[in-house]
Every structure is written in structure tokens, then in C-alpha cells.
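Residues per chain, in single letters:
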Amino acid sequence: MKAFWNFLGLLAIMILSLFLAVITGDYGPWYFAWLVGTTMIVLIAAAGAVMFEKQEEERQGKKGSNH
């Protein structure tokens, strides 16, 4: 039964993709690049924020242990 639902989910994604391809026409690659680029910028910014917080946490921890 799980395989059936998996198949239906993939079928729905395929139908949505085909629908979007028909609607966007020649602008499809531009929209795809825009979506991928925006997603990458958001993910890179989030990763940078996490790294900054971790470094700041470690710096505060080392400063507190010296006193």
C-alpha cells in the first residue's frame, strides 16, 4: 500500500511539473533559475547565521572560563 501512495505522490508532482512547464512556456528556465537561486541564498544565509551563532557561543564560553 505504501508503494501505491508513493506512486500517487510522484504522479501528482509530475502532473504539477507538466502544468507549470506549459504555463511558463519560454520563461520556464528563468523561473527555475530564480526559484533555485532564491532557495540557495536563503539556505546559505541560514547556514551563515548558524555558524555565526556557534562561533559566538564558543567565544563567550571561552571568555567566561578564563575568569
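Above this note sits the structure.
A brief look at the structure comes next. (Residues numbered from 1 in each chain as written. Predicted model: local features only at pLDDT ≥ 70, side-chain atom pairs only at ≥ 80, totals over all residues. Heavy atoms only, no water.)

### Some thoughts on the overall build of the chain
1) Next: Within the chain, the regular secondary structure consists of two helices and zero strands.
2) Next: Relative to the 2.2 N^0.38 estimate, which gives 11 Å for 67 residues, the radius of gyration of the chain is 22 Å and therefore markedly larger than a compact globule would have.
3) Next: Seen through its principal axes, the chain has C-alpha atoms that stretch 65 × 40 × 10 Å.
4) Next: Going through the 67 residues of the chain one by one, you find that 1% of them count as buried.
5) Next: Looking at the chain, you have 5 positive and 5 negative side-chain charges, and the mean spots of the two groups are 10 Å apart. (Helix = DSSP H or I, 4+ residues; strand = E, 2+ residues; numbered from the N terminus. Rg over C-alpha atoms; globule rule 2.2 N^0.38 Å. Buried < 20%, exposed > 50% of the residue type's maximum accessible area, 1.4 Å probe, protein only. Lys, Arg positive; Asp, Glu negative; His and termini not counted. Charge placed at Lys NZ, Arg CZ, Asp CG, Glu CD.)

### Some details on the packing of aromatic side chains
The geometry of an aromatic ring pair is captured by two quantities: the separation of the ring centres and the angle between the planes.
1) Next: Using the criterion set out here, one finds two aromatic pairs in the structure.
2) Next: Ring centres 5.6 Å apart and planes at 65 degrees place the aromatic pair Phe-4 and Trp-5 in the edge-to-face group.
3) Next: Trp-5 sits in the exposed class, given a relative accessible area of 53%.
4) Next: Relative to Tyr-31, the ring of Trp-30 lies with its centre 5.2 Å away and its plane at 80 degrees, an arrangement referred to as edge-to-face.
5) Next: Take Tyr-31: its relative accessible area is 38%, and that puts it in the partly exposed class. (Phe/Tyr/Trp six-rings, centres within 6.5 Å; stacked < 30°, edge-to-face > 60°.)

### Things to note about the pattern of salt bridges
1) Next: In this structure the tally under the stated criterion is one salt bridge.
2) Next: Between Glu-56 and Arg-59 there is a salt bridge whose closest N-O contact spans 2.6 Å. Remark: Arg-59 and Glu-56 occur in helix α2 (residues 28–65); sequence separation between them is three residues, near one turn of the helix.
3) Next: A residue is classified by how much of its surface remains accessible, and Glu-56, at 25% relative accessible area, is partly exposed.
4) Next: Accessibility expressed as a relative area gives 40% for Arg-59, which makes it partly exposed. (Salt bridge = Lys/Arg side-chain N within 4 Å of Asp/Glu carboxyl O.)

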